[in-house]
Amino acid sequence: MKTIDFSTAEIQGIGRFVAGEDHLAFDWPGTQLHFALSGTATLTLVMDGARNWFNADINGHRQLIETGNGTAQYTLTWPAEDTSAVSTVRITQRTEGVAATPEGRTGTVRFKGLIVDDEASISAIPFPARTMEFIGDSDTAAYGNMGPRTGLRPTCLLYTSDAADEEDSVDLGGRRII
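Values in this document were obtained by computation on a predicted structure and should not be read as measured data. (Residues numbered from 1 in each chain as written. Predicted model: local features only at pLDDT ≥ 70, side-chain atom pairs only at ≥ 80, totals over all residues. Heavy atoms only, no water.)

> In this structure, what is going on with the overall build of the chain? I would like to understand it.
The secondary structure content of the chain amounts to 0 helices and 17 strands. By the burial criterion, 37% of the 178 residues in the chain qualify as buried. Pairs at least 24 residues apart make up 64% of the contacts formed inside the chain by residues separated by at least 6 positions. Counting only carbon and sulfur atoms, one obtains 51% of the accessible surface of the chain, whose full area is about 10,300 Å². (Helix = DSSP H or I, 4+ residues; strand = E, 2+ residues; numbered from the N terminus. Buried < 20%, exposed > 50% of the residue type's maximum accessible area, 1.4 Å probe, protein only. Contact = heavy atoms within 4.5 Å. Areas by Shrake-Rupley, 256 points an atom, 1.4 Å probe, with all protein chains shown as cover.)

Here's what the structure looks like:
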């Protein structure tokens with residue numbers, strides 16, 4: 001087994017990250033690391049920090065990672081039988097970096113690197129030709145949408161356009177989000 005450091009150029013981030021001496025810090029929902037691997041049947045993420053939830057997508061097969069406090073290794077199930085093929089990996093934070101939940105507070109999670117088979121090779125994934133960026137606060141990023149209900153904020157409601165017009169909503173082609 002070999003370790004691939006967090007600072008390897010092929011591991012690319014989308015969204016807001018803070019780079020430390022020995023880590024890349026996730027602190028916002030929707031932030032994503034992505035890369036491609038070949039020559040491995042295992043993938044383990046080394047992460048440190050607080051309790052959060054992440055989606056781990058390998059070739060479109062989604063797995064949930066729930067991090068805990070302290071440094072830990074999170075081994076992902078490899079969906080491909082042919083380990084020589086290139087596999088696309090995306091790790092996306094689902095939860096707010098700091099949020100109150102019934103189980104306690106979440107916090108920043110630090111990505112330290114990967115553990116893979118000795119024969120593994122890593123490569124960068126080209127960025128999409130088109131992207132859309134939403135600029136805003138935690139509500140814009142759907143804070144609480146994937147985590148447990150906190151009772152602190154209501155969920156996003158979807159109404160038809162003939163719903164009452166409180167002027168605090170956006171009309172999306174016949175549907176209204178408030």
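> What is the right way to look at the confidence of the model for the chain in this model?
Should the pLDDT be low somewhere, the predicted coordinates at that spot are not to be read in detail. On average, residues of the chain score 77 in pLDDT, and 67% of them reach the 70 mark or higher. Scored below 50 in pLDDT, residues 174-178 shows 28 contacts in the model against residues more than four places distant or in partner chains. (pLDDT = per-residue confidence, 0-100.)

> Before we go on, may I ask you to explain the pairing of strand β8 (residues 61-67) in this structure?
As judged from the 7 bridges shared by strand β7 (residues 52-58) and β8, these two strands associate in the antiparallel manner. Bridged to Asn 52 within β8 is Thr 67. What sits between β7 and β8 in their antiparallel hairpin is a turn of 2 residues, with Asn 59 showing a positive phi close to 50°. (Pairing = 2+ DSSP bridges.)

> Which parts of the structure should I look at to understand the environment of Gly 107?
You can see Gly 107 is positioned in the loop between β12 (104-105) and β13 (109-116). Along the primary structure Gly 107 and Gly 49 are separated by 58 residues, whereas in three dimensions their C-alpha atoms are 7.0 Å apart.

> Just to check I follow, could you spell out the packing of aromatic side chains for this structure?
The relative placement of two aromatic rings is captured by the distance of their centres and the angle of their planes. According to the stated counting rule, one finds 2 aromatic pairs in the structure shown. Seen from their ring centres, Phe 17 and Phe 26 are 5.0 Å apart, and the 65° between their planes marks the pair as edge-to-face. Centre to centre, the rings of Phe 26 and Phe 54 are 4.8 Å apart; their planes meet at 75°, and the pair counts as edge-to-face. Within this pair, whereas Phe 26 is found in strand β4 (residues 24-26), its partner Phe 54 is found in strand β7, the two being separated by 28 residues in sequence. These aromatic residues form a ring-pair network of at least three members: Phe 17, Phe 26 and Phe 54. (Phe/Tyr/Trp six-rings, centres within 6.5 Å; stacked < 30°, edge-to-face > 60°.)

> Help me understand the nonpolar core, please; the structure alone is not making it clear to me.
Proteins that are soluble and globular tend to have nonpolar side chains buried together. Ranked by internal contacts, the top residues of the largest apolar core, which has 27 residues, are Leu 37, Leu 43, Leu 45, Ile 91, Phe 111 and Leu 114. Within the residue set of this core, elements represented by two or more residues are β4, β5 (32-38), β6 (43-49), β7, β9 (72-76), β10 (87-93) and β13. Broken down by element, this core gets its largest block of residues, 4 residues, from β13. Non-local contacts of Ile 91, meaning those with residues more than four positions away in its chain, are made with Phe 26, Thr 31, Gln 32, Leu 33, Leu 45, Phe 54, Asn 55, Ala 56 and Leu 76. (Core = buried A, V, L, I, M, F, W, Y, C linked by side-chain atoms within 4.5 Å.)

> Explain the pattern of salt bridges here, please?
Opposite charge on two side chains makes pairing possible when the charged atoms of those side chains draw close. For the structure shown, the criterion picks out 4 salt bridges. The partner of Asp 48 in a salt bridge is Arg 110, with the nearest N and O atoms 3.2 Å apart. Taken as a pair, Asp 48 in strand β6 and Arg 110 in strand β13 lie far apart in primary sequence, 62 residues in all. Using a relative accessible area of 14% as the deciding quantity, one classes Asp 48 as buried. Look at Arg 110 and you get partly exposed, because its relative accessible area is 25%. (Salt bridge = Lys/Arg side-chain N within 4 Å of Asp/Glu carboxyl O.)

> Would you mind showing me how to read the environment of Ser 84 here?
For Ser 84, the location among the structural elements is in the loop between β9 and β10. Ignoring sequence-local partners within four residues, the contact set of Ser 84 consists of Ser 38 and Gly 39.

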